[in-house]
Structures are given as structure tokens and as C-alpha cells.
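Structure assessment
Single-letter residue listing:
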Amino acid sequence: MPLELIVGPPNSGRSGEVLRTLAARLADEPLLIVPTRDDIARFERDLCAGGSPALGATIRTFGAVFSDIATAAAIASPPRLSPPQRLALVRAAIGATDLRVLRRSSSSPGFAPALDSLIAELQAGLVAPPSLRASAEAAGDADLELELAALYEAYEKLRDGAGMSDAGSIARTATKALRDDPDAWSGRPVLVYGFDDLTESQLELVLALAGRTEVTIAVNYADREALAARAGLLTRLREEGAAVGEHLELQHGYTTSATLAHLSESLFEVAPGTFAPDGGVKLIEAGGERGEAEAAGIEIARLISAGTDPGEIVVVLRNPSRDGPLFASVFRGLGIPVTLEAQLPLDGTAVGRSLLALCRAAGEDGEPADLLAHLRADTASYPGKADWAERAVARGDAESVADLERRWEDAMPPHLARVREARSGVDQVRTVAAAARRIAEWVHREGAPLAGERSEGVPLDAIELRAAVTAAELLEELAAVASLPGCDAPTLSEAAEAIESASVRSWLGAAEGRVRILSPYRARAARCRHLFLCAMQEGVFPGRGALDPLLGEESRKRLGIPQLRRREQDQEERYLFHACVSRPTETLTLSWRSCDDEGHPAPRSPFVDEVIDLLGEDADAVEREVTTKRGLIHAVPMPSEATNPRTLARALTATAGRDVEAQRAMLDGAGIDLAVAGDSLAITAASSDPAWRPGPLEHPDVLASIAGRESLSANSLEGWIECSYRWFVSHELSPERLAPVADPLWLGSLVHASLHALYADPPGDDTIPRPGDVDRWIARFNEILDGLLGGEDAGFKGADRRLSIARTRLQVRKYLEEEAERETDLRPRPDLLERTFGFPDKDGDPGALELGDFTLRGAIDRIDVAPDGSRAVVRDYKTSKKVSGRAKIEKEKKLQLPLYMLVARDLLKLDPIAGLYHPLAAYGDRRGRGIALRDEVKDGILSGEPLVANRKTDDAVEAEAFEEAILRARTDAVEFGARMRAGQIDRNPLEGKCPTWCEYQPICRRERALGIEEESQGSDDS
Ligand code: SF4
């Protein structure tokens, strides 16, 4: 019987030809073989497109055809191994094989799944274990390949011994039956469509069928560079005697854009010529991953609002499993109906993640982090439980899962408790399987929210339910493997491995009426008017191709087995890109991001340049003409780009603040129908409700409590000035930390206490270290610090803390050595070390500083006094690398030093001549910074003090400026203290910039990316 080919490039009408043949031969009950179940659905729809049923034809995948033939030939086919059973046999084969080269790696996670894939590839290529062994022996020096052959052999032996079958054995048996039994095929004609390549076992079947009936294969090929990757299939079929029946040409009329037709015909050709853009090709350059998805989404929304059916729009991503969830979620947020057609990793879903972490936590090497991950991903779990566990771990109260279990006693997390109660490995795996459904369903137990519906509870996400079903089935099958010969009872680590290597379909059912997000492979069969090819980045598309972890390219070459040779990756990528370019009938849009979300450059794909080169001689001019740019600055769509009330509300808030009237005026000016914008205004009006936005303080009790503060501290005032909201959270709400106090804070207080004790009881003859006794000072400091550390609960836990302590000793040593070298007559007065004021119960307390309606209290680290007993220097130790000089003190209103000098003068009756911060952790420049009297620095008692003195950042000032600085601090303290006591708090960081270290953004919810403008509404300080 003839083996006939229909050969043609994309858009040459191959699928139409196949359909016509199928329809013409319905009476002969033709069989059409296609790659996927989705292709089956598509051809079935097309066959019945006329409205009348097309009875007689069968459409199947190769896997189904193999099984059908085996059934038709009445072969007693053994039961087929499920994926976990197959993996278990692979593991048993590894355990039963004497390995040398692969001994170490065979015990690593991932080895068994990788071997499973390799065996499947060898079976599909009809490379039997003896052939692999023979090729390895012939290649010489192939110990690894010989061990792989032994593993393959052991697996097939175990499979046959268990009386089971797999895809490889079914294919082999079915083809043999077809060849041996002339009646095994009734003569039904066969058509094959949609395959880029055929595996050896598929080709064998096709050739066996061709011996019995007419077989027609549609091949996607034309003599073009872009289709070079598909030349192999045509050559192979011709070698097998296939004849070309139809040779189809590109049908230019498939598209309304001459530019698109030109691209489809000329891409990657030598000297292709150019064709001026006619609107068929567009480019989008965006900033950031989310920004790119939003930019593409806005264009798609425009098409839909102009009347395009969403089902006629396709978005292609080279890696939809990785990038698809972000695009799908952004599109949904824009109100675009979308279907992501991708296999997502099971452990990428909340259910999968929670189960994986449960298996790990309950396993022998379980870590508290695994248990936390399990609890956090289980939406049915009470969040307080995870918080409690996290805090116990962070504080060092629990170091293992067992510690946490002991502390929980009877209140163990339910899934972990059930796994612990299970008596065997099989029971444990079954318990985890049962947990899958509970985790997915429990959160909805009292309601049945519809997908996408906003509800009070957890929104229903269909993929989580699918993930639960997939995981439960997978684990149930795994639990059953103990019955297979050679297989041990499964363990939790095997369950974890099974979850890690499984995937789940992100979609189900038809995608009609929805924008589809696809891979290039799926896009080949997609018909659309508009195609968006997104994430066009260097290294992404063209991709680099996955390497086989067991049988690398070199090994494949040396073995010389043709079926194991891989396709040329660059040819494959060009083919896929061409396939995408040739799909749309109206527009093709390529998008990429010029930088990531942090602004780091991200080069675009060279394929974009290939397209630009085809659109004109002057590439720059062409690019300008067809490109829409949307940089990181467009964090939010413009009102005119809004796609639904929510997006419009975001856009309005970003551009006109929360003032609804301003928004209304803006919409009016932009010609946006106010009736249309009504929902958005309602949303922004709701969000401008003071109760929704954190602050200002309103509750009378709270206001009364703050107003009743009669005594404030300089530290507190400084904190309020830096950001009144941060002050409110840290000082008033004072959230309890999960972890112990951060090292710098913890160590800082110990260092202050040690220095106080050191100077209060000097170990030398003088009250400051001198060259002859500095070693005694250093030794004494270390003794004092050791004493304090010994009594500190948090003690020496962890290498980081030990390192911090060692570093601190070195820093203080440096400080003492430098002080010993300083020629100065200033000496600390013992009663002015750690001098408190405003604390009447402390010895020698001079009282609080009067500041109008309130007083100031605090503690000054140290005051040094001149021999005249009057002139004084206020010193403050800082355990930081840098401290503020005069200019910064004035600019940022750092009140502490000037106010302490005021205390020295007004309360302690001294004559302040300087206030200095000492940066104990500084590396190079360790000089004190602050404010000093120039006369004293130049020729006076401060001449031995190393200070910063240059024109720009001179810390030394004339007497008048010195006095002014002290008085200004007083005025500021009175003013800010009054505002603080009036309860004025706002999200108003200094200079509008939130420091990166501020941890309170989740509480204040200030949109850092948008900057101060967004905040200016209603803020007194901005
Ligand atoms: S994030 Fe900014 S506004 Fe919020 S508390 Fe911190 S500094 Fe203040």
C-alpha cells in the first residue's frame, strides 16, 4: 500500500487537505492520528463545522492507537504501570544493580526520575537494552553507558517479572501483532497530522500500517531556512519509500497584512529583502516582568473593546510553565478572560507545596522550615499556629521538628499528627494522599464560592482542586507499589520526590471566548487573528535546550545510535519562532522588557532584530515607528488605559491621589464618561475613607493618652521627626518581634553598659586610657563584656553572634588605643557617666529639661570636663560605621546632641563647647562628628581632638552659630513635641524617602514605588 505525503509550509492548507480527505473517506472509517487530545477536539469540531455530524472517522493519539491495535489483535496485554509504579520499579532496578560510576549520584534525589525519562526515550527510540550495551561496548571506555544499560535491563526484567506493561512494551507488542497478523487491520485508511517528528516506535507503526492500508502523512516543510529542523522527518519518510502526493505552497491570502505574509515567507532566509510595515507587526518594549504583562494586557484589552473576540487572541510564551502564571494573573486583574495552557509543577501550587513540605517535615531529616512551609501553604491552617512556630524557631526555643511537636503537645498540626499516627510507610503515604483533598477542600467547607467570584472567604482556585486530585492519585498509586516484586514499601522521601516530579494541567476544557496563553509548540496548531509573542528575552527565546543529566551530548555521539541524536537546538528555536510568526492573520506583536523590576538591564531576543531587519533598511527608524514603549515609571496604567473599574481606580489614585473631586475633574478633562467611571470613583472614594487608610490618629482615648505625656525623650523626638508613622509603630504599638533583638541593638546596649562600667572604675592611673596602660583598659573592657555576655540569655548562640562579638572587641580596642594617643586635658567626670536627667529616683538626677508644655528626659553617655571644671564636651557612643556631622544634624533635625548640650548648660551648670558622636564601628575614619566651638578646636582644649574640619563639612563653628544650633534645637523640640503630643502622625519619612531598613511598610502600607506625591494628600509635613 502507498505511503503518501502532503508537504507544505505553515499556511499552505495542509490541515484543510487532511480534513477534506477525512471527510471524503468517511465511508471507509478513516483514522486520523494527531499529537494531543486538544488536537482531537479541534479536528472533531472542524469536521462537524458544517452543522452536520461526520460519522465514521476516528481521531486518536499514537498511544491510544497502540492500545487499540493490541485490543483488536486480542493480545492479552498485562496491566499498565502507573507513573509512580514505574518510578518504583526504576528505584528497585537501581537498588538491584551493582553500580560503580553512578554509585554516588544514584542515591541523589532526582536520579530515579531522570533514569525513568531516559528509559522512556530509549523505548520510544526502539533501543533495547542489548542494543545499548552493544553500542557502549563498541564505543569503548563507556563505563557509565554500560551501567545505564544494566539499569535499563534490570528495569525491564522487573517489569516483566511483575507481569506489568508500559508504553514501550505495549507499542512493541502492537506493532509486532500488526506485522504478524494480516487481519489485525481492517484496511481503514490512516492519516497522520501535526507531528514535527516521529519516534522510532511511531514510525515502525506507520510503516506496518502502510503494509496494510493507505497511509497519508502531512509534513510541515518547505525548502526554507526556518523549516530546516523539519527536513529530517521528510528525508526519513522518503527513505522508507514515501511519495509526495501533494506539494502545497504558502497561501498569501491567509493574512490581511502583506508585512506578515512577507515575514512568514522570508524569515531567516539569506537576502530576504524588506517590506514596509503596514500595521501587521508591532513591538512593545516594557520595564519589568509585571510591566510587560500589563503592557501586553492593555493592548489586548484595546482589541477586545474594539470588538475582537478574546478567543481570536493568542499569547505565546517560550516557557509558559514559568512565565505564564504572572501573565495570566495580570490579565485577570485587567478583567481579560484568559486560559493558561501549561503544565505547572505540582509543587508550584499551594496544595503541592504544602504536601511536599509535610513529607519533608515528617521525614527523618525534617527541618522546622519544612513544617513552617507546610503550615503556611495550607490555607485551612490557623495562621497563628505558623506564627507561633516561626517565633519559637527564630528565638532559638525550638531547633527541630521534634522540639516543636513537644511544645505543641496535644495541639499538633492535624496533618502532621495523622502522619505520625500512621503505623507504616504505606500508611504514611496514604495519609498524605488524604491530606491533599482536605487541604484543598477544607477552606471551602462552609461555602461554595464560584471561581473568580469575590467573596469573604478564600477564593476558589480550580487548579488547587486539580492539584489535590493529581497528588492524591499519585500518592495512592505510590502506596500500592509495595506489592510489586523487588519494590520496598514507599517512604515519605519517595512521596516527596513523586510530588516534585509531577505536574498539573493549569486548564481544563475548551478555551472558547478566552485569550489563550500557550507555548510555541501548542501555538503551531492555534488559529488566531492577533498573536502576542511575549518575554522575548535573550536566553529565553531562542532557548538553550535542556541537557540530559544522565546521557550527555558527548555520550550520545559516541554511542552512535541515530535515535539518540538530539535536534539542533538553534534550528529548533528558529522553527518555533517561525511557527509563531506565521500563525496570526491580522497582527503579530512582539514584546520584551528592557530591564527587570529592579531596573537591571535585560537584553532582548535577537529574534526581535531579525524581524526589524525585514521591515526596512533603516532599522532604527523602523523600530521607532512600530514600537510602543512603557518603562518602569508606568507602575500603574493611565486612566485612559484602564480596562475595568479596579484598574481605573488604581490609575486615578496614582495620578490624582485619593481626592475623588480631583479624579472627577481629571476624568472630565480626559473625556472619560463619568457614568462609565462611576464604579472606580466608588472604589477610590471607599479607599479614601480615613478608616481604610492608616492614620491619622482619631480615637479620643489614644489622643488623650499621647497628649498626657508630660515627659518626652530626645530619642523619641528624633524618631518622630524621621517618620512619625514609624515612631508610632515602634514606640507606641511596639510590635513584638518574632526573632530576638537584632544583633546590632543587642550588642550596642552591651557595649554601652561595658564602657560605662569601664570608665566608672578605670583600671589605670588616669580616668582615660594612656599609652602606658591601654592594654589594661582593653583587658578590663573584655572582662566586663564577658561578664555581661555570661548573664545574657541570648548568649553565644550561633556563629554570627560570635563573629559580631569578636568584631566589637576589636572596634572598642581601636577606640581605646586612639583615645590613649590623644593629647587632651579633658576628662570624664564620674558622676556624668551615663548621666540620666528627668528620672527623680536616680542618684544625682538634675531634673528634667523644661520645654514649654512638656519636659525632656534621657541619659547622656558621657560628659568630659576641662580642668577648669566648667567647659564640657558631650559624648555619645554609636555602634555604627558612620555618624552625622553638623550639616546633617541641622538638615535632618537630629536634636539629641544639641539638646544634651542644653541639658549640660541649663541643668548641670556646665559650659558646653562640643557635642560629639563617636562611630565605634568605623573602619578608616574614626573621628568624632558633631558640633564644636571653632576657637576651642583651633587653639583651645579641643586641639587634640581629631575632628572633621574642611570648608564643606566643617563641624567646628563660631560661637554665635554654636549658640544658634542649641537654641534652634530647643525651638524644634518644642514645636515637634507639641505636634507629637497632638497625635499628628503620618507616613512622612524624611525627605520623602523610606529607608530600606524600615520594616513597617506592611503596617503603614505606604506605596514606596510611587514616592511622596502619592502621599502628599492630607499630609501636614509634606
Ligand atoms: S515605610 Fe516609610 S512611611 Fe512607612 S513607617 Fe517606614 S519610613 Fe514611615
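Residues numbered from 1 in each chain as written. Predicted model: local features only at pLDDT ≥ 70, side-chain atom pairs only at ≥ 80, totals over all residues. Heavy atoms only, no water.

1. Regarding the layout of surface pockets
To locate leftover empty space, one rolls a probe as large as a water molecule over the atoms. Approximately 2300 Å³ is the volume attributed to the second largest pocket. Every residue lining the second largest pocket is counted, 49 residues in all, and those nearest its centre are Asn715, Glu722, Leu745, Lys878 and Trp997. Elements with a contribution of two residues or more to the lining of the second largest pocket: helix 32 (714-722), helix 33 (724-733), helix 34 (743-760), strand 19 (854-865), strand 20 (871-878) and helix 38 (896-906). The biggest single contributor to the lining of the second largest pocket is helix 32, with 6 residues. A breakdown of the residues in the lining of the second largest pocket according to their chemical character gives 18 nonpolar, 15 polar and 16 charged. (1 Å grid on protein atoms, 1.4 Å probe; cavity = no way out; pocket = protein on both sides within 12 Å on 5 of 7 lines; lining within 4 Å. Points joined across faces, edges and corners; volume = space filled by probe spheres on them. Helix = DSSP H or I, 4+ residues; strand = E, 2+ residues; numbered from the N terminus. Nonpolar A, V, L, I, M, F, W, Y, C, P; charged D, E, K, R; others polar.)

2. A word on the site of the ligand
The local shell around the ligand holds 11 residues, among which Cys723, Arg726, Cys994, Cys998 and Cys1004 are the closest. Among the residues forming the shell around the ligand, the class breakdown is 6 nonpolar, 1 polar and 4 charged. (Near = heavy atom within 4 Å.)

3. Some thoughts on unusual backbone geometry
Trans peptide bonds make up the majority, and among non-glycine residues the majority have a negative phi. Note the cis peptide between phenylalanine 541 and proline 542, where omega equals 10°. Tracing the backbone through its elements, the reader meets proline 542 in the loop between strand 13 (528-534) and helix 24 (553-559). The backbone of glutamate 834 sits at a positive phi, close to 50°, despite the residue not being glycine. Along the chain, glutamate 834 falls in strand 17 (residues 827-837). For glutamate 834, a relative accessible area of 31% translates into the label partly exposed. (Buried < 20%, exposed > 50% of the residue type's maximum accessible area, 1.4 Å probe, protein only.)

4. Regarding the pairing of strand 8 (residues 313-317)
By the criterion of burial, strand 8 is predominantly enclosed, with 5 of the 5 residues buried. In strand 8, alternate side chains face the same way, and those of Ile313, Val315 and Leu317 on one face and Val314 and Val316 on the other are all buried. Inspection of the sheet shows strand 8 paired to strand 12 (residues 515-518) by 3 bridges, in the parallel sense. The partner of valine 314 across the bridge, within strand 12, is arginine 516. (Pairing = 2+ DSSP bridges.)

5. Comments concerning the packing of helix 15 (residues 350-362) against helix 19 (residues 414-421)
Their axes nearest at 10 Å, the elements helix 15 and helix 19 cross at an angle of 50°. On the basis of their axis angle, the class for helix 15 and helix 19 is oblique. For the element pair helix 15 and helix 19, the recorded crossing hand is right-handed. Two secondary-structure elements touch here, helix 15 through Leu358, Ala361 and Ala362 and helix 19 through His415, Leu416, Val419 and Arg420. Across the contact of helix 15 with helix 19, the residue classes break down as 5 nonpolar, 1 polar and 1 charged. (Axes fitted to C-alpha atoms, helices over the stretch in contact; angles between N-to-C directions. Parallel < 35°, antiparallel > 145°, perpendicular 65-115°, else oblique. Left-handed = near helix turned anticlockwise from the far one by under 90°. Contact = heavy atoms within 4.5 Å.)

6. Quick word on helix 14 (residues 320-333)
With 14 residues, helix 14 extends 18 Å from end C-alpha to end C-alpha; this agrees with the ideal 20 Å at 1.5 Å per step. Considering only its buried residues, helix 14 is in contact with helix 13 (289-305), strand 8, strand 9 (338-340), strand 12 and strand 13. Looking one or two places after helix 14, you find glycine 335, whose phi comes out positive at around 85°. (Expected span 1.5 Å × (residues − 1).)

7. Observations concerning the pattern of salt bridges
Considering all chains together, one arrives at 72 salt bridges under this definition. For glutamate 17, the salt bridge identified is with arginine 20, shortest N-O distance 2.9 Å. Residue glutamate 17 and its partner arginine 20 are located together in helix 1 (residues 14-24), separated by 3 residues, close to a single helical turn. With a closest N to O distance of 2.9 Å, aspartate 548 and arginine 556 form a salt bridge. Across this residue pair, the class does not change: aspartate 548 and arginine 556 are buried. (Salt bridge = Lys/Arg side-chain N within 4 Å of Asp/Glu carboxyl O.)

8. Some remarks on the confidence of the model for the protein chain
Chain-level pLDDT for the protein chain is 87 on average; 92% of the residues reach the 70-or-more range. Confidence scores differ between elements of the protein chain, with helix 42 (residues 1012-1015) showing the lowest mean pLDDT of 36 and strand 8 the highest of 97. In this model residues 688-692 is a low-confidence stretch, pLDDT under 50, and it forms 8 contacts with partners more than four residues away in sequence or in other chains. The low-confidence segment residues 1009-1022, where pLDDT is below 50, has 23 contacts with residues more than four positions distant or belonging to other chains. (pLDDT = per-residue confidence, 0-100.)

9. Comments concerning the side chain of glutamate 572
Relative to the helices and strands, glutamate 572 resides in helix 25 (residues 569-581). Those residues in contact with glutamate 572 that sit more than four places away from it in its chain are Ala229, Arg230, Tyr521 and Arg567.

10. Some thoughts on the nonpolar core
Formed by 81 residues in total, the largest nonpolar core has its most connected members in Leu115 and Leu355. Excluding residues within four positions of it along the chain, leucine 355 makes contact with Val432, Ala435, Ala436, Ile439, Ala471 and Ile499. (Core = buried A, V, L, I, M, F, W, Y, C linked by side-chain atoms within 4.5 Å.)

11. Things to note about the sheet that holds strand 14 (residues 584-595)
The strand order 9-12-8-13-14-7-15 describes an open sheet built from 7 strands, whose pairing is parallel. For this open sheet the edge positions go to strand 9 and strand 15 (627-630), each flanked by a neighbour on one side alone. This sheet shows a mean twist of 20° between the axes of neighbouring strands, independent of strand direction. Judged from the 4 bridges that link them, strand 7 (residues 281-287) and strand 15 form a sheet pairing that is parallel. Along strand 15, the bridge assignment pairs alanine 286 with arginine 630. With respect to the sheet, helix 27 (residues 619-626) is in contact with strand 7, strand 14 and strand 15, its orientation differing from that of strand 15 by roughly 65°.

12. Looking at the packing of aromatic side chains
The geometry of an aromatic ring pair is captured by two quantities: the separation of the ring centres and the angle between the planes. Per the stated rule, a full pass over the model turns up 15 aromatic pairs. For the pair tyrosine 725 and phenylalanine 728, a centre-to-centre distance of 6.4 Å together with 65° between the ring planes defines the contact as edge-to-face. Residue tyrosine 725 and its partner phenylalanine 728 are both found in helix 33; the two are separated by 3 residues, about one turn of the helix. The exposure class of tyrosine 725 is buried, given its relative accessible area of 7%. One aromatic cluster is present, formed by Phe268, Phe541, Phe577 and Phe607 through successive ring pairs. Lying over the aromatic face of phenylalanine 268, arginine 574 brings its terminal NZ or CZ to 5.4 Å of the ring centre. (Phe/Tyr/Trp six-rings, centres within 6.5 Å; stacked < 30°, edge-to-face > 60°. Lys NZ or Arg CZ within 6 Å of the ring centre and 35° of its normal.)

13. Section: the side chain of histidine 918
One can find histidine 918 in strand 21 (residues 911-919). Apart from residues lying up to four places away in sequence, histidine 918 is in contact with Tyr815, Arg875, Asp876, Tyr877, Lys878, Val883, Gly928 and Glu945.

14. Some details on the sheet that holds strand 2 (residues 31-33)
Reading across from one edge, 3-2-4-5-1-6 is the order of the 6 strands in this open sheet, with parallel pairing throughout. Two strands bound the open sheet, and with one partner strand each, they are strand 3 (58-60) and strand 6 (243-247). Each strand axis lies, on average, 20° off the axis of its neighbour in the sheet, ignoring direction. Note that strand 1 (residues 3-8) and strand 5 (residues 215-220) share 6 bridges and pair parallel. Residue pairing for strand 5: isoleucine 6 is matched across the bridge by alanine 218.

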